[in-house]
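# Structural description and commentary
The lines below spell out each chain.
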Amino acid sequence: MVSIEEVRKNNSTLKEYGPNLVAVFVGGTSGIGETTARAFVRSTLSPRVYLVGRSESRASQIIEELRASNPDGQINFVKSDVSRLHDVDEACKAIQAKEEKVNLLFLSAGILTTKGRDETDEGLDKKLSLHYYSRMRFLNNLLPQLTKAATSIEGPAGIRGNLSSVVSVLDARGNAPLILKDLSLKDNYTLRNAANHAITMTSLSMEELAAAHPSTSFIHAFPGLVKTGLARDYNFVMKAAVNAMLTLASRWTVPLEESGERHLYTATSPIFSPKETARGVAALGSDGVQGSGAYLIGSDSATVPDQKVLHGYREDGTRGKVWQHTLDTFKGIVGN
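What counts, and at which threshold
- Residues numbered from 1 in each chain as written.
- Predicted model: local features only at pLDDT ≥ 70, side-chain atom pairs only at ≥ 80, totals over all residues.
- Heavy atoms only, no water.
- Pairing = 2+ DSSP bridges.
- Helix = DSSP H or I, 4+ residues; strand = E, 2+ residues; numbered from the N terminus.
- Axes fitted to C-alpha atoms, helices over the stretch in contact; angles between N-to-C directions.
- Contact = heavy atoms within 4.5 Å.
- Core = buried A, V, L, I, M, F, W, Y, C linked by side-chain atoms within 4.5 Å.
- Buried < 20%, exposed > 50% of the residue type's maximum accessible area, 1.4 Å probe, protein only.
- Right-handed = clockwise from strand over helix to strand, strands pointing away.
- Arc of directions from axis to C-beta.
- Parallel < 35°, antiparallel > 145°, perpendicular 65-115°, else oblique.
- Left-handed = near helix turned anticlockwise from the far one by under 90°.
- Nonpolar A, V, L, I, M, F, W, Y, C, P; charged D, E, K, R; others polar.

Labelled according to an unreviewed UniProt entry, the chain appears under the name Ketoreductase (KR) domain-containing protein, originating from Penicillium antarcticum.

In this section: the sheet that holds strand β7 (residues 294-297). Taken in spatial order, the seven strands of this open sheet run β3-β2-β1-β4-β5-β6-β7, and their pairing is parallel. Every other strand in the sheet has two partners, leaving β3 (74-79) and β7 as the edge strands with one partner each. The average angle at which neighbouring strand axes cross in this sheet is 15°, direction not considered. With four bridges connecting them, strand β6 (residues 217-221) and β7 associate as parallel partners. When the bridges of β7 are listed, phenylalanine 218 appears paired with alanine 294. Along the sheet, helix α3 (residues 56-69) contacts β2 (48-53) and β3; its crossing angle with β3, the most-contacted strand, is approximately 170°. Strand contacts of helix α5 (residues 126-151): β1 (22-26), β2, β4 (104-107), β5 (165-169) and β6, with the helix running at about 175° to β4, the strand carrying the most contacts.

Glancing now at the nonpolar core. Core analysis: the biggest nonpolar cluster contains 55 residues, and Val26, Val52, Leu105, Tyr132, Phe138 and Leu139 have the highest contact counts within it. Top contributing element to this core by residue count: α5, with 10 residues. Apart from residues lying up to four places away in sequence, leucine 139 is in contact with Leu105, Leu146, Val166, Leu209 and Phe218. By size, the runner-up hydrophobic cluster in this structure holds 35 residues, among which are Val2, Ile4, Ile75 and Tyr295.

Inspection of the sheet shows β2 paired to β3 by six bridges, in the parallel sense. Among the inter-strand pairings, valine 52 is bridged to a residue of β3, identified as valine 78. Tracing the backbone out of β2, into α3 and back to the parallel element β3 gives a crossover that is right-handed.

Moving on, we get to helix α1 (residues 4-11). Within the sequence span of α1, burial applies to Ile4, Val7, Asn10 and Asn11. Projected onto a plane normal to the axis of α1, the buried residues spread over an arc of 120° and lie on a single side. Every exposed residue of α1 that faces more than 90 degrees away from the buried side is listed here: Glu5 and Lys9. Along its buried surface, α1 packs onto α2 (31-43) and α8 (256-268).

The N-to-C vectors of α2 and α3 enclose an angle of 25°; their axes lie 9 Å apart at closest approach. Here α2 is positioned roughly parallel relative to α3, judged by the angle of their axes. You can see that α2 and α3 cross each other, and the crossing is right-handed. Each of Glu34, Ala37, Arg38, Val41 and Arg42 in α2 lies in contact with α3, whose residues at this interface are Arg58, Ile62, Glu65, Leu66 and Ser69. Of the residues that constitute the contact of α2 with α3, the class distribution is four nonpolar, one polar and five charged.

Right, dumping it as C-alpha cells:
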C-alpha cells in the first residue's frame, strides 16, 4: 500500500515538470474525473486542461473554481456524448486543433445500470461503449499527441523530463475470461459479461499498445469504493439503495478527494514510468516485465498482481486479437 502521505509528497513535486502540461479528462465534469482534474490543476504550473463531458452548466461551475485555484491555468470544456464514437472523434479533433502534445489522458466516463443490452445508434451497447470502446477510441485518436509528449526533445522545462500517461479507471483486479466468439456481446449480453469484457479487454489492449509505444505509461486503475455520481441515471429507489450501501460500507470507502489525489499519483509517479521500470527503479508492468509500460493499479495505489487469465491470453495471442477486434469495430462504425 502507498500511504496518502507518499501520494501527496509526489503530487507536491509536479511543478518540477515545468509549465504547460496538457491533460484531457474524459468524464471530467463529475466523480473521480473531476476530483483528479482538480488535483492536477492545483499541483501543476500553468496547465492546459480539457474537460470532456455532457453538462455545460456543471462544467462552467468547475472551470470557474479551477481558475480560482490556479489563475495561470487554461481550462476548456469539450461538450460530447462520449458513448458515441462519432462524438469521440469530434471531441478529439477539437483538442488536436489546439494541442500538438497531450501529457495525460484520463478516462473515467461510465454508468451504473440495471438495463440489459442498450444499443446506441452506432450498434454498441452503451455501457460497454462507455467503459471500453469509446475510451479506446480516445486513446487511439490521441496516441500521436501522447507520443509527441513522450518523445519531444523540447519536453517541459522542468527537471523531471517528459510526462506521457494514460489512465483508465475501471477494475484492474477483475480480469476474467472472455467470450472470444462474441467480444462485443451481440448475442451473449449480461451485465456481468459486459463488465468482464470491458475490464479484461482494457488490460489486454493497454498491454498491446504499451508494447508498440514504449515511452508512454498505460494504466488500468481500480478506484475502490468511492461515492460518486455514477448512479445518477437510476430512479429514486435505486439511488437510495446505492447511497445506503455506501453508508454501510463507509469504513472501506475511499473519500472522493483522496481518490483524486491517488489517481493523480498513479498518473504521474515515476514508479509507473516505463523508462524508470526498465532501469529497475520501480514496479514491474502488468505482464511482469520491467519497462513494459502497462500497469494494473489498485485502490491503494500499488500494483495488482498479474492474473492467470491475462497470462494465458498473452501466450495464445488473444491479446493482439482483442486489439484488432477493437480497430475493426472502429472501422465498421466510423470508417478509416
